[in-house]
Amino acid sequence: MRSIPAALAFAGAVALASPAQAFCGFFVGKADGKLFNQSSQVAIVRDGDRTVITMGNDFKGDMDEFALVVPVPSVLTRDQIHVGERKLLERLDAYSAPRLVEYTDEDPCNVRRVYPMAAAPMSAMRSKDGMMKEEAKVLGVTVEAAYTVGEYDIVLLSATQSQGLEIWLRESGYRIPPHASKALAPYIRQNMKFFVARVNVKEQRKTGYQELRPIQIAFESPKFMLPIRLGMANADGPQDLIVYAMTRSGRVESSNYQTVKIPSNAEVPEFVQQKFGDFYKSLFTKDWREHDQRAIATEYVWNMGFCDPCSADPLTPDELRELGAFWVGDPNTAFRGGGVPVTLTRLHLRYDADHFPEDLVFQQTGDQQNFQGRYIIRHPWRGSSSCSAASSYREQLPARHRQQAQTVASLTGWDMDRIHRQMGSDAPTDGETAWWKKIWH
Amino acid sequence: MRLPKDPRWLQIGFLCSFLLLGLTARDFPIWHAPLLFASCLGTQLLCERLLKLPHAGLLSPIITSFGLTLLLRAGAWWVPPLAGILAIGSKYALRIRGRHFFNPANFGLCCLMLLTPSAWCSPTQWGEHGLLLLWIFALGLAVAHRAFRADVSLAFLVSWIVLRTARVHSLGQRPEVLFHQLTSGSLLLFTFFMISDPKTTPRHRGARIAFAAIVACAAYVLSVHWVQNPIVWALFFCAPLTPLLDALTTRQEEKPACAPSQQPSLSPAP
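Note that the structure is predicted; figures quoted are calculated from it, not measured.

*Asks:* Please explain the overall build of chain A as it appears in this structure.
*Replies:* A tally of helices and strands in chain A yields 10 helices and 21 strands. Scored against the burial criterion, the 441 residues of chain A give a buried share of 46%.

*Asks:* Any chance you could explain the environment of Leu235 of chain B here in plain terms?
*Replies:* All names here are of chain B. Here Leu235 shows up in helix α11 (residues 230-238). Leu235 sits in the buried class, given 27 other C-beta atoms within 10 Å. A sequence separation of 53 residues divides Leu235 from Leu182, and the C-alpha atoms of the two residues are 18 Å apart. The residues touching Leu235, leaving out its near neighbours within four places in the chain, are Asn103, Asn106, Met194, Ile195 and Val215.

*Asks:* For this particular structure, what's the right way to read the nonpolar core?
*Replies:* Nonpolar side chains in soluble globular proteins tend to be buried together. Ranked by internal contacts, the top residues of the largest apolar core, which has 100 residues, are Ala43, Phe195, Val243 and Met246 of chain A. Residues in contact with Ala43 of chain A, not counting those within four places in the same chain, are Thr54, Leu89, Leu92, Tyr244, Met246 and Leu323 of chain A. If you look at the next biggest cluster of nonpolar residues, it comprises 60 residues, including Leu68, Phe101, Ala138 and Val232 of chain B.

*Asks:* Can you walk me through the interface of chain A and chain B in this structure?
*Replies:* Frequently, the measure chosen for interface size is the accessible area that the parts lose on association. Taken residue by residue, the interface counts 27 residues in chain A and 27 residues in chain B. Elements supplying a minimum of two residues to the side of chain A that touches chain B: α4 (180-189), β14 (252-254) and β15 (259-261) of chain A. Of the residues in the side of chain A that touches chain B, the class split is seven nonpolar, 12 polar and eight charged.

*Asks:* Help me out: how do you make sense of the confidence of the model for chain B in this one?
*Replies:* Any residue range with low pLDDT should be treated as having predicted coordinates unsuitable for detailed reading. With 84% of its residues at a pLDDT of 70 or more, chain B shows a mean pLDDT of 84. For this predicted complex, the interface confidence reaches an ipTM of 0.85, while the overall pTM sits at 0.85.

Definitions and cut-offs
Residues numbered from 1 in each chain as written. Chains lettered and ligands numbered in written order. Predicted model: local features only at pLDDT ≥ 70, side-chain atom pairs only at ≥ 80, totals over all residues. Helix = DSSP H or I, 4+ residues; strand = E, 2+ residues; numbered from the N terminus. Buried ≥ 20, exposed ≤ 12 C-beta atoms within 10 Å, placed from the backbone. Contact = placed C-beta atoms within 7 Å. Core = buried A, V, L, I, M, F, W, Y, C linked by C-beta atoms within 7 Å. Nonpolar A, V, L, I, M, F, W, Y, C, P; charged D, E, K, R; others polar. pLDDT = per-residue confidence, 0-100.

Shown next as structure tokens:
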């Protein structure tokens, strides 16, 4: 029987710096502070028309300058708004991030079975009341409700004209990007309301947190969508958005943009372990360009009850309920086979005004096949055993390294010389193995 | 260049090119194609045998199979064969005055989407690459081929474009939004290979144009209410209007305006 190179896996965490980021709505500031709007994370829980959105933000500027405007389908009551914990999105990210799996070949003279055991996650890739109301009336803006929830002061506005809303926001101290009214108009004409949040600095200090916590909203609407157009109003170049969509069962895809699976299950050279962040960024960028910068990448689809291999533990029922999966834990919705009745789809898009002219619209599919962005490193066995299996194993290595180099080149678009340099002694030499090596080795 | 007399050959060629475009896009599933072809062809042959009908050829079920392969996505193995059986079976089971009125591919697709969450339609699966060329090709074919009387297709397309343009304009959106909405693969398939079915659209030209406009209006209303795949559902719900419009127009005219046997569709009659 031929030996199978056995695999022994161990975790090797690969960390990337996470840039400071925000939600897909646009940030407006009360002063001319520097605003970030390059990447954001949103979780959407959807069941029928019931929707819970968790809007993560990593705003790093002066808290006083933070503000967020999000179109919503209706005026939300105080109970429909909640401030969640940051760790929820961090947990989702860790659980679903594209991962690098590492194996080590065993002594080919010593036959054993293959046991993939662990995986390394790729971390985040991104990395005045009375007067106000009077003025609002004149501008066609109605302050439908105002609440303080956690560290946020929230107003819900309806408007009859976009220019009036733009003027109202500006005069109320929000720094609105130029020509924002053009972006606001389609929402007003669809009779949507505006959820406007800014930080109540006093309340924020009371929380004891250094960073802002995600805002959560719950509502019922047939609109399964995310408003990304507003976020483009003050964007400088393309922005990345990670959407964690959770349903009872079934993958989520966009129904107005092509949704593709990110290239996965590729075997890559060992050096990628040190450069996994760069590797995945290049891979994502190449794939995005190949789809004319208009497609959405699926990075993960899995039942929340398990993972294989796990880059982090699945979310607990309590965490899922906190994110809005209200049916979890209900004995009437027990899942067949003992899993959790939640399917998570992680979608990653890089969007700009030219390539994403419309807001994102989603649909739930009946697809329950698991998928993950997964890349494999196989460390060669470097022992000194000598047997016929060892000789044949060593002979196969150059071809394997050549294949791995080609895989990285095709996935990332990296130059082959650069790949060979990084591979060091594993870099494939030109042509076949030198003929003399086959005589005495 | 001479085009084949039976436009269904052209149609099969076009659907093949559409399938190839899908296959060049990643994640386009093909596993269900053999099940769809087998079930459509098998159902057609079985129905002909059971009902003792003369053999009508296999082009029609082949075209229905292509339509379902391109539009139906399935999360369970039994979905494609059931869709094929219902699609072809509807041609024999649901008839008024000797004509079936549901487009078979549309019927199979909609029934399965109603029956099970394991069936769905992914309208954007082809991406936007190359679709423009296919649009030009389809329009050119419609104009060039005498037998390709695309009055229903063109009436639907014009109505749909007018309605979408009005919507985009009324919402104050940019023209790019309209272009984005119109470069949809499923819209192209629907326009030239589903609603154009001569056996399931009214016989009278005026009634056909009215039918196309009604379907476009219904699809528009559904889309405004956020129904996914509105054009597919609109045809499904409007299909019973065909015998009604036929009855109204034949009462007014002794002679039908045209014989639709040569017009291509996803499902020529049995």
